Every structure is written in C-alpha cells, then in structure tokens.
Amino acid sequence: MLLVYYSSSSEYTHRFVGKLRHPSLRLPLLTRHEMPRIDEPFVLVTPTYGAGPNRGAVPKQVVKFLNIEANRRHLVGVIGAGNTNFGEEYCRAARKVAAKCQVPVLYRVELLGTPDDVEAVNQGLDKLCASSLKTAM
C-alpha cells in the first residue's frame, strides 16, 4: 500500500514512515511546490499542527494535496502522528481529514512510533493490501 505523508523539517513523521515496509511518497515541504497526483489507493500519514481546536491542525501541504479531487478519490485511510501531551488535540489532523474525506483513521502513533506501533501498522497495511487485491479481482 502506498503511503503518502507530510513531514516538517523536524522529520518525526518521515522517520516513522521510514520504519514501515511499504512504499512511500513525501509531500513537498513548501506549499508553493506542485503537489503530486496519485492514481492508486493510498494511506495518508499526517502530523497535527496548531495548539487549539480552532487552529489549523491539518498542515497546509496536506490541505493543498487533498484539494486535488483525484487524490481524495484514492484515499483509503489516514494514520495520525502526534504527541499525547496535546491531550484532546492528539492526532486531531487525522480525525479531521478522515471525517472530511469519509475514510477511517487507521492508526494513531506518538511521534516516531514505538516498535509495537511499527509492527501493528505494517500488519494492518499488509491486510489492507490483501483485501484491496481481492476486491480488485
């Protein structure tokens, strides 16, 4: 399963995705760069930004990427990366994207993800791939 992700210069999300055994595509750091068009099923991995419920939790790069209708059409689920220190705001961006695009939040991971998180996400993505293949046949 293709993973499309945004990671800021902190690279937390990038390092988490790098531990997974699925192909990935990183969204550009700057919104002025052109966003990719995805023509296959993918899972979005996004961190949460902002410090409150009315602040921009979803990174602008993710918003710009999902504003492309073809990309939204191929989105099958979202993985949230965040910091539990933010309480109710933990992985808020993933919840917002999932609700708006009517797809599930598949996982929520803390910062770089634990080894258990990595294994659980890999197994879940493997199952998602297998079910996608059965549906396509």
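What comes next concerns the included structure.

Scoring rules and cut-offs
- Residues numbered from 1 in each chain as written.
- Predicted model: local features only at pLDDT ≥ 70, side-chain atom pairs only at ≥ 80, totals over all residues.
- Heavy atoms only, no water.
- Core = buried A, V, L, I, M, F, W, Y, C linked by side-chain atoms within 4.5 Å.
- Buried < 20%, exposed > 50% of the residue type's maximum accessible area, 1.4 Å probe, protein only.
- Helix = DSSP H or I, 4+ residues; strand = E, 2+ residues; numbered from the N terminus.
- Contact = heavy atoms within 4.5 Å.
- Salt bridge = Lys/Arg side-chain N within 4 Å of Asp/Glu carboxyl O.

### Comments concerning the nonpolar core
Formed by 21 residues in total, the largest nonpolar core has its most connected members in L75 and V97. Per element, the largest residue contribution to this core is five residues, and it comes from helix α4 (residues 92-101). Filtering out sequence-adjacent residues up to four positions away, V97 remains in contact with L44, V58, V62, L66, L75 and V78. Ranked by size, the runner-up nonpolar core spans 15 residues in total, among them Y5, L20, V43 and V109.

### Let's talk about the pattern of salt bridges
As enumerated under the stated definition, the model contains four salt bridges in all. Measuring nitrogen to oxygen at the nearest pair gives 3.0 Å for the salt bridge that ties E11 to R26. One end of the pair, E11, is in the loop between β1 (2-5) and α1 (12-18); the other, R26, is in strand β2 (residues 24-26), with 15 residues separating them in the sequence. Residue E11 is classed as partly exposed on the basis of its relative accessible area of 27%. The residue E89 makes a salt bridge to R92 at a minimum N-O spacing of 3.2 Å. Residue R92 is classed as buried on the basis of its relative accessible area, which comes to 16%.

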